[in-house]
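Each chain is listed here by its residues.
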Amino acid sequence: FMVKERPAAYRITDLDVSDRPRERLAELGAQALTNAELLAILLRVGIQGENAVEIGQRLLVDCGGLHGLHRASFPELCGQRGLGQAKAAQIKAAIELGKRLRNEDPDARPTVHSPADAAALVEYEMAALVQEHLRVLVLDTRNRVLSVEKQYVGSLNASTVRVGELFRPAIQRSAASIILAHNH
């Protein structure tokens, strides 16, 4: 008597309808899906021997999670097995949309009460940067963030900036204060 094993890699269409990522999202909401399943929805299709969920899971492992996907350059993503320019662009676009959504609602502007609050606003984006970068957080009188300005990009280990340039965004926005953030 021989038991027939299920192949290690199978197509999403071979899954029960209730196990498919798009159908689960429609029924349960996006929050119910794993990161690999959310990536699978972006990727849409797999490759020979790997379905879209498996590719998503491999990407998360190879890149070191969502933060690693954010840090990975576009050419690095394109170089991953199963990803070309179109799929890499979809992933990068989704990450950027998430970042923009977080910053879009003017009534939900973050407020800075401590250095940790300021760091939390820029650390996600700036952690992925290789070169020296300087950001200016522009605040109103209630310490609500009006904008985060990309002020300067330096070399690998040095940055020089004119002091007058640091205050320009604050003057243009009639800001009450600024906070400088540097990634190294």
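The structure presented is a predicted model; accordingly, all values stated were derived computationally and were not measured.

1. Quick word on the overall build of the protein chain
Okay, so step 1: A count of helices and strands for the protein chain gives eight helices and three strands.
Okay, so step 2: Going from N to C terminus, the protein chain has its helices and strands arranged as α-α-α-α-α-α-α-β-β-α-β.
Okay, so step 3: Considering the protein chain as a whole, with its 184 residues, one finds that 31% of them fall into the buried category.
Okay, so step 4: A fraction of 49% describes how many contacts in the protein chain between residues 6 or more apart in sequence connect residues 24 or more apart.
Okay, so step 5: In the structure as shown, the protein chain presents an accessible area of about 11800 Å², 54% of it carried by carbon and sulfur atoms.

2. Focus on the environment of Leu42
Okay, so step 1: Here Leu42 shows up in helix 2 (residues 35-43).
Okay, so step 2: Take Leu42: its relative accessible area is 28%, and that puts it in the partly exposed class.
Okay, so step 3: Sequence separation of Leu42 and Ile91 is 49 residues, and the distance between their C-alpha atoms is 6.9 Å.
Okay, so step 4: Not counting the four nearest positions on each side in its chain, Leu42 is found in contact with Gln90, Ile91 and Ala94.

3. Focus on the sheet that holds strand 3 (residues 177-182)
Okay, so step 1: Strands sit in the order 2-1-3 across an open sheet of three strands; the sheet is antiparallel. Edge positions in the sheet fall to strand 2 (145-153) and strand 3, since each of these pairs with one other strand and no more. Averaged over all neighbouring strand pairs, the angle between strand axes comes to 20 degrees, with direction disregarded.
Okay, so step 2: Pairing between strand 1 (residues 133-139) and strand 3: six bridges, direction antiparallel. Residue pairing in the sheet places Val136 in a bridge with Leu180 of strand 3.
Okay, so step 3: This element, helix 7 (residues 115-126), spans strand 1, strand 2 and strand 3 of the sheet and lies at about 145 degrees to strand 1.

4. Things to note about the packing of helix 2 against helix 3 (residues 52-63)
Okay, so step 1: Between helix 2 and helix 3, whose axes approach to 7 Å, the crossing angle comes to 120 degrees. Viewed along their axes, helix 2 and helix 3 adopt a mutual orientation that is oblique. Crossing handedness for the pair helix 2 and helix 3: right-handed. Residues Asn35, Ala36, Glu37, Leu39, Ala40 and Leu43 of helix 2 form the contact with helix 3, whose own contacting residues are Ala52, Val53, Ile55, Gly56, Gln57, Leu59 and Leu60.
Okay, so step 2: Taken together, the residues of the contact of helix 2 with helix 3 sort by class into nine nonpolar, three polar and one charged.

Reading guide: rules and limits
Residues numbered from 1 in each chain as written. Predicted model: local features only at pLDDT ≥ 70, side-chain atom pairs only at ≥ 80, totals over all residues. Heavy atoms only, no water. Helix = DSSP H or I, 4+ residues; strand = E, 2+ residues; numbered from the N terminus. Buried < 20%, exposed > 50% of the residue type's maximum accessible area, 1.4 Å probe, protein only. Contact = heavy atoms within 4.5 Å. Areas by Shrake-Rupley, 256 points an atom, 1.4 Å probe, with all protein chains shown as cover. Pairing = 2+ DSSP bridges. Axes fitted to C-alpha atoms, helices over the stretch in contact; angles between N-to-C directions. Parallel < 35°, antiparallel > 145°, perpendicular 65-115°, else oblique. Left-handed = near helix turned anticlockwise from the far one by under 90°. Nonpolar A, V, L, I, M, F, W, Y, C, P; charged D, E, K, R; others polar.

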